[in-house]
Amino acid sequence: PIPYNGVLRPLLMLIGMAMMFLLLQRTQKKPCRHRKLLWAATAVYLFFLLYATLLSRTAGKEYSYRVEPLITLRLSFFANGTLELSDPKILEGIVVNLLLMVPVGYMLPQLFNLSATQTTLLGAGLSLSIESIQLITRLGMFELDDFIYNTLGAALGYWLLVCMEKHTGAQLRR
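So, a few notes on the structure that sits alongside this text. (Residues numbered from 1 in each chain as written. Predicted model: local features only at pLDDT ≥ 70, side-chain atom pairs only at ≥ 80, totals over all residues. Heavy atoms only, no water.)

Counted by the stated rule, this structure contains 3 aromatic pairs. Judged by centre distance (3.8 Å) and plane angle (25°), the ring pair of F21 and Y106 falls under stacked. Linking F21 in helix α1 (residues 8-26) with Y106 in helix α5 (residues 102-111), this pair joins segments that are 85 residues apart in sequence. Each member of the pair, F21 together with Y106, is buried. Look at F47 and Y51: their rings are 6.3 Å apart centre to centre, the planes differ by 25°, and that puts the pair in the stacked class. Separated by 4 residues within a single helix, F47 and Y51 lie in helix α2 (residues 31-55), roughly one turn from each other. The exposure class assigned to F47 is exposed, which follows from its relative accessible area of 53%. On the basis of relative accessibility, which here comes to 44%, the residue Y51 falls in the partly exposed class. (Phe/Tyr/Trp six-rings, centres within 6.5 Å; stacked < 30°, edge-to-face > 60°. Helix = DSSP H or I, 4+ residues; strand = E, 2+ residues; numbered from the N terminus. Buried < 20%, exposed > 50% of the residue type's maximum accessible area, 1.4 Å probe, protein only.)

Enumeration according to the criterion identifies 3 salt bridges in this entry. Here E68 makes a salt bridge to R74, at a shortest N to O gap of 2.5 Å. Residues E165 and R173 are paired through a salt bridge, measuring 2.5 Å at the closest nitrogen-oxygen approach. Judged by relative accessible area, E165 falls into the buried class, the value being 8%. (Salt bridge = Lys/Arg side-chain N within 4 Å of Asp/Glu carboxyl O.)

Below, the structure written as structure tokens:
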């Protein structure tokens, strides 16, 4: 058997997002088709987000939460007081949480007139809602780190959108 190194889920997410972003880019010259595809991609993404964070989970017996900031980063990289990768699965969780909200920052400003700050706050609000629902329904753990990484992911998505506009010369934001 091949040892698991924590790369598969993030890699699949990156491939899926890249394909979606490229497809959206290719249809950009046909505004009506682009807009419909953007709405469809957003709906599929939101279903995926709800499935991954809530619908695919089974309720636990206890409420669980972790509110120590950046604990997952420390657990992932520090072992015996030195800087080394100690747990690839924890690092995978960090990357997945970053990538989870990139589409929020990339797609929503194309649908609605949102600034970078508004987009980041929308990503933060969506993340906080998901984390709160996970806590209340016991479908997961409320983790401050997830909220932080999700919010950074929404900001990263907006930055990628701005970079795409500069690269193509197209106005993608509303």
